[in-house]
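Structural overview
Listed below, chain by chain, are the residues.
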Amino acid sequence: MRRLMLLLLLCCLVPFAHAQADDTLMQNVLAELGRHAAVRADFTQTRSNPVLAKPQVSSGRLLFVLGHGMLWQTESPYQETLALSGSRTARIDADGTAHAMRGDRGVSQVSQMLQGMLGGKLDEALRQFKVEASGTPANWTLRFVPKQERMARVLGSIELRGDAYLQGIAIAMQDGTRTEIRFAQTRDAGALTALERRALGLP
């Protein structure tokens, strides 16, 4: 998750009618995502690198709470819990205490973008990326590319896909590294534990 990076293509060269269709689909997708105030999911992350003999695979759980951020809980092959709230990234210890982490600006930008997307808002993404939508509200794909040349030298694209929930993320880097995250058992979160509330700064 910390190496996630980033999103693609509101293409100015496509016909106007196609641009209208993209905009309508994006608005429908955002409206559906924004209906869920708190969401849980299991995830499997696969990271492929041209210099590695085999992909690196990790798995765990995600909790997203609208307006407060997300908990990214890796369970295998190691255990680690990260809280991402706005531009802040912190490691959470066993009793729920947050320890601030120094992350790079790219990670912060992606975290804020994903939080906005899951909250049904595209403003942050459109400031940083160009975006293209395809599919239907029941089976959609959003592709993003960074607007800034400096970031584009590192990142190729990000692709999000889903239905009523976000179901997958694919990140392609310019060095050939590719990260794919698949979500399963995505559902409304229900009641949060005391530790989860503390980690996200909730009363």
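This text goes with the structure placed above it.
Presented here is an overview of the structure given in this document. The shown structure was predicted, so the numbers you read here are calculated from the model rather than taken from an experiment. (Residues numbered from 1 in each chain as written. Predicted model: local features only at pLDDT ≥ 70, side-chain atom pairs only at ≥ 80, totals over all residues. Heavy atoms only, no water.)

**Structural notes on the overall build of the protein**
In plain terms, the rule: Only DSSP runs of H or I reaching four residues or more are called helices, and only runs of E reaching two or more are called strands; each is numbered from the N terminus. Contacts were defined at the residue level, with two residues in contact if any of their heavy atoms lie within 4.5 Å. Residue exposure ignores everything except the shown protein chains as possible cover, and the areas themselves are Shrake-Rupley values with a 1.4 Å probe.
Scanning the protein from terminus to terminus reveals 5 helices and 11 strands. Sequence-distant contacts in the protein: of pairs separated by 6 or more residues, those separated by 24 or more amount to 52%. Working note: accessible area of the protein is about 10600 Å², and carbon and sulfur atoms make up 52% of it.

**A word on the packing of aromatic side chains**
When we look at a pair of aromatic rings, we describe it by the centre distance and by the angle of the planes. Condition: Only Phe, Tyr and Trp rings are paired, with Trp represented by its six-membered ring, and only when their centres lie within 6.5 Å; those with planes under 30 degrees apart are stacked, over 60 edge-to-face, the remainder tilted.
Enumeration over the complete set of coordinates arrives at 3 aromatic pairs. Plain terms: the ring middles of F43 and W72 are 4.1 Å apart, the flat faces sit at 20° to each other, and that makes the pair stacked. In this pair, F43 is assigned in strand β1 (residues 38-48) and W72 in strand β3 (residues 69-76), connecting sequence segments 29 residues apart. Between the aromatic rings of F129 and F144, the centroid separation amounts to 6.4 Å while the plane-to-plane angle is 85°, which identifies the pairing as edge-to-face. Remark: F144 occurs in strand β8 (residues 139-146) and F129 occurs in strand β7 (residues 129-136); sequence separation between them is 15 residues.

**Observations regarding the side chain of E80**
Put simply, the rule reads: Between N or O atoms, a polar contact is any pair within 3.5 Å; within protein, one atom must be a potential hydrogen donor and the other a potential acceptor, and residues adjacent in sequence are included only when both atoms are from side chains.
Position of E80 relative to the elements: it lies in strand β4 (residues 80-85). Separated by 3.0 Å, the side chains of E80 and R91 make a polar contact.

**Notes on the nonpolar core**
Inside soluble globular proteins, nonpolar side chains tend to come together where they are buried. Where we set the bar: In plain words, nonpolar cores are sets of buried Ala, Val, Leu, Ile, Met, Phe, Trp, Tyr and Cys residues tied together by side-chain atoms within 4.5 Å. Each residue gets one of three labels from its accessible area relative to the maximum for its type: buried under 20%, exposed over 50%, partly exposed in between, using a 1.4 Å probe on protein chains only.
Core analysis: the biggest nonpolar cluster contains 35 residues, and L142, F144, L160, I169 and F183 have the highest contact counts within it. Residues V65, I92, A189 and L192 belong to the second largest nonpolar core, which totals 11 residues.

**A few points about the pairing of strand β5 (residues 88-92)**
Threshold: The pairing criterion is simple: DSSP has to find at least two bridges between the two strands.
The sheet contact formed by β4 and β5 spans 4 bridges and is antiparallel. Paired with A83 across the two strands is A90, which belongs to β5. With 3 bridges joining them, β5 and strand β6 (residues 98-100) adopt antiparallel strand pairing. Counterpart to I92 in the pairing with β6 is A98. Connecting β5 to the next strand, β6, in antiparallel fashion are 5 residues, including G96 with a positive phi near 90°.

**Considerations on the sheet that holds β1**
The test is simple: Angular values range over 0 to 180 degrees, each being the angle between N-to-C directions of two axes fitted as lines to C-alpha atoms, with helices fitted over their stretch in contact.
With antiparallel pairing, the 11 strands of this open sheet are ordered in space as β6-β5-β4-β3-β2-β1-β11-β10-β9-β8-β7. Two strands bound the open sheet, and with one partner strand each, they are β6 and β7. On average, each strand axis in the sheet is tilted by 20° relative to the strand beside it, whichever way the strands run. Strand direction decides the pairing type here: β1 and strand β2 (residues 56-65), joined by 10 bridges, are antiparallel. Within the sheet, the bridge partner assigned to R47 lies in β2 and is Q56.

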